Amino acid sequence: MLITGLFCGALLGFVMQRGRFCLTGGFRDMYLTKDNRMFYALLIAIAVQSVGVYTLIELGVFEFNAGTLPLLAIIVGSFIFGIGIVLAGGCATGTWYRAGEGLIGSWIALAGYMLMATIMKTGVLVPLNDKISSPQLSTNSIPETLGINVWILIGILVAIVGWIIYKEVTKPKVFIPSLKAKRTGLAHILFEKRWHPFVTAVLVGAIAVLAWPLSVATGRIGGLGITTPSANILQYLTTGDTAFINWGVFLVLGIFIGSFIAAKASREFRFRMPDVKTGINSFVGGNLMGFGASLAGGCSIGNGLVMTAMMTWQGWIALVFMILGTWTAVYFVFVRGRQKNKAMKASVKTA
């Protein structure tokens with residue numbers, strides 16, 4: 001459990017740090033600059049994982065049950081989570097790997113995230129969490145609801161992803177000037193050359209597939225997950241109960257380690273202290289992330305990457321409302337401020 005959890009997490013942290021795989025930035029850019037590349041990258045990672053995991057299920061490696069659907073909790077929690085990731089400056093996984101780069105703001109966001117997730121799961125907010133989550137629909141499986149084979153949905157997703165890749169690859173190339181390379185060979189490719197988001201997405205999807213059998217081998221039936229393991233760390237530290245130590249705990253610790261290794265090797269690691277306002281926003285955003293992800297049963301990875309790949313209503317509904325929450329926060333944090341400044345400048349010029 002220790003070895004495979006750390007190994008899988010370190011791979012994920014390394015790849016996400018070097019590929020700058022940031023879903024917060026991706027959702028934000030969809031609204032601000034109409035740049036959908038990171039969202040397309042997420043779809044690629046989902047498709048890769050879906051094909052890989054359902055192949056393992058077909059081979060009898062493990063079984064998967066989508067369970068029931070707490071619709072209200074998913075909608076409310078995912079929307080709040082989307083707001084939180086904008087204030088925190090990164091989603092749950094992004095916060096872990098950026099903490100490995102030395103960003104103190106991400107450490108602050110992590111503290112709020114872990115604290116609120118713990119309060120929601122074993123603290124004073126458990127009754128609230130249970131109350132909102134109690135209305136449940138009988139099925140969470142999309143293919144079961146539609147009465148079709150899951151491979152039909154996977155085939156549709158793969159076709160859509162293939163079309164997206166074709167359209168993006170055949171676009172006219174825009175020359176982006178870059179500094180002269182200081183390294184050569186593998187060192188240049190791994191630690192200096194900008195990774196294409198689609199290549200990063202394929203690697204993230206492959207790691208997500210690998211996570212399933214490694215996790216199942218330790219008795220934890222699941223793939224990548226960030227929120228519950230993050231809470232488990234604080235639960236273990238405060239109670240000393242080893243029951244909270246599982247494969248997921250070593251996964252998230254591995255993300256931090258892998259990101260640290262990548263940042264040091266690429267000479268991008270340095271401690272960066274945020275100003276007071278950013279620090280407060282990071283802590284508030286972390287708390288909103290912990291609250292929302294606990295309520296929704298997953299974060300941008302647990303729901304947005306894993307449960308979408310498993311073709312569940314939970315995953316795809318959560319993804320939609322995470323994006324809507326992100327766009328709402330982006331409007332109030334970025335767009336409205338720009339509009340006010342623009343209007344103020346116009347009024348001063350007129351005067």
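Analysis parameters
Along each chain, residue indices are assigned from 1 in the same order as the chain's sequence is written. Only residues with pLDDT of 70 or above have their local features reported here, since the model is predicted, and side-chain atom pairs are shown and tallied only from 80 upward, although totals for entire chains, interfaces and linings are computed over all residues. By convention in this description, side-chain values take in all heavy atoms of the structure and omit both hydrogens and water. Counting from the N terminus, the helices are the DSSP runs of H or I reaching at least four residues and the strands are the DSSP runs of E reaching at least two. Remark: exposure states derive from per-residue accessible area (1.4 Å probe, protein chains only) relative to the maximum for the residue type, with buried under 20%, exposed over 50%, and partly exposed in between. Only heavy atoms matter for contacts: two residues are in contact if any of them lie within 4.5 Å across the pair. Lines are fitted to the C-alpha atoms to define the axes, a helix being fitted only along its stretch in contact, and any angle between axes, read from their N-to-C directions, falls within 0 to 180 degrees. For this classification, under 35 degrees means roughly parallel, over 145 means roughly antiparallel, 65 to 115 means roughly perpendicular, and everything else is oblique. Take the far helix as your reference; a near helix turned counterclockwise from it by less than a right angle gives a left-handed crossing, and one turned clockwise gives a right-handed crossing. We call a set of buried residues a nonpolar core when its members are Ala, Val, Leu, Ile, Met, Phe, Trp, Tyr or Cys and they connect through side-chain atoms within 4.5 Å of each other. Here a cavity means grid points, on a 1 Å grid over the protein atoms only, where a 1.4 Å probe fits yet cannot get out; a pocket means an open set of points with protein on both sides within 12 Å along at least five of seven lines; lining residues are those with an atom within 4 Å of a point. Grid points are joined across faces, edges and corners, and a volume is the space filled by probe spheres set on the points. Only Asp, Glu, Lys and Arg are considered charged in this grouping, and only Ala, Val, Leu, Ile, Met, Phe, Trp, Tyr, Cys and Pro are considered nonpolar; every other residue, Gly among them, is considered polar. We define a polar contact as two N or O atoms separated by no more than 3.5 Å, with the added condition that, inside protein, one atom must be a possible hydrogen donor and the other a possible acceptor, whereas residues neighbouring each other in sequence contribute only through side-chain atom pairs. Patch definition: residues above 30% relative accessible area lacking any salt bridge, with like charges linked at up to 9 Å and the nonpolar side chains Val, Leu, Ile, Met, Phe, Trp and Tyr linked at up to 5 Å. The Shrake-Rupley method, run with a 1.4 Å probe, gives the accessible areas here. Residue values count only the displayed protein chains as cover. Take a side-chain nitrogen of Lys or Arg and a carboxyl oxygen of Asp or Glu: if they are within 4 Å of each other, that pair is a salt bridge.

Asks: Any chance you could break down the overall build of the chain for me, citing the residues and the numbers?
Replies: When helices and strands are tallied, the chain shows 16 helices and zero strands. Projecting the C-alpha coordinates of the chain onto the three principal axes gives extents of approximately 65 × 50 × 45 Å. Residue burial in the chain is summarised as follows: out of 351 residues, 50% are buried. Nonlocal contacts in the chain, meaning residues at least 24 apart in sequence, comprise 81% of its contacts between residues at least 6 apart.

Asks: Outline the packing of helix α5 (residues 92–99) against helix α6 (residues 104–122), supporting the account with residue identities and numerical values.
Replies: One way to put it is that α5 packs onto α6 with a least axis distance of 8 Å and a crossing angle of 135°. One finds that α5 runs oblique with respect to α6. Of the two elements, α5 crosses α6, and the hand of that crossing is left-handed. Residues Ala 92, Thr 95, Trp 96, Arg 98 and Ala 99 of α5 pack against Ser 106, Trp 107, Ala 109, Leu 110, Tyr 113 and Met 114 of α6.

Asks: Which residues make up the nonpolar core, and what values do they have?
Replies: Of all hydrophobic cores here, the largest spans 83 residues; its most connected members are Phe 27, Trp 96, Leu 224, Ile 226 and Leu 305. Of all the elements, helix α3 (residues 37–58) adds the most residues to this core, at 12 residues. Excluding anything up to four places from it in sequence, Trp 96 contacts Leu 110, Tyr 113, Met 114, Ile 226, Ser 230, Ile 233, Val 252, Leu 253, Ile 255 and Phe 256. Ranked by size, the runner-up nonpolar core spans seven residues in total, among them Ala 73, Met 116, Phe 291 and Leu 295.

Asks: For the layout of surface pockets, give the residues involved together with the corresponding values.
Replies: If you add up the space inside the second largest pocket, you get close to 900 Å³. Considering the residues around the second largest pocket, the lining is formed by 37 residues, among which Cys 22, Gly 25, Arg 28, Gly 89 and Arg 98 are closest to the centre. Sorting the residues of the lining of the second largest pocket by element identifies α1 (2–19), α2 (23–32), α3, α4 (71–88), α5, α6, α14 (276–296) and α16 (313–350) as the ones contributing at least two each. If one sorts the elements of the lining of the second largest pocket by residue count, α2 sits on top with five residues. A class-by-class count of the residues in the lining of the second largest pocket yields 12 nonpolar, 11 polar and 14 charged.

Asks: Can you tell me about the side chain of Ser 259, naming the residues and giving the values?
Replies: With respect to the helices, strands and loops of the structure, Ser 259 is situated in helix α13 (residues 247–265). In this structure the side chain of Ser 259 is engaged in a polar contact, spanning 2.4 Å, whose partner is the backbone oxygen of Tyr 97. Ignoring any residue separated from it by four or fewer positions in sequence, one finds Ser 259 in contact with Gly 13, Phe 14, Gln 17, Tyr 97, Arg 98, Gly 100 and Glu 101.

Asks: Could you give an account of the packing of helix α12 (residues 227–239) against α13, naming the residues involved and the relevant values?
Replies: Orientation of α12 relative to α13, taken along the N-to-C sense of each, is 95°, at an axis distance of 8 Å. The pairing of α12 with α13 is recorded here as roughly perpendicular in orientation. Within the contact between the two elements, α12 uses Pro 229, Ser 230, Asn 232 and Ile 233 and α13 uses Gly 248, Val 249, Val 252 and Leu 253. Grouping the constituent residues of the contact of α12 with α13 by class yields five nonpolar, three polar and no charged.

Asks: Tell me about a nonpolar patch on the surface, and please be specific about residues and values.
Replies: On the surface, Leu 146, Ile 148, Ile 152, Ile 156 and Ile 160 cluster together into a nonpolar patch covering about 420 Å² of accessible area. The element contributing the most residues to the nonpolar patch is helix α9 (residues 150–169), with three residues. Along the chain, the position of Leu 146 falls in helix α8 (residues 142–146).

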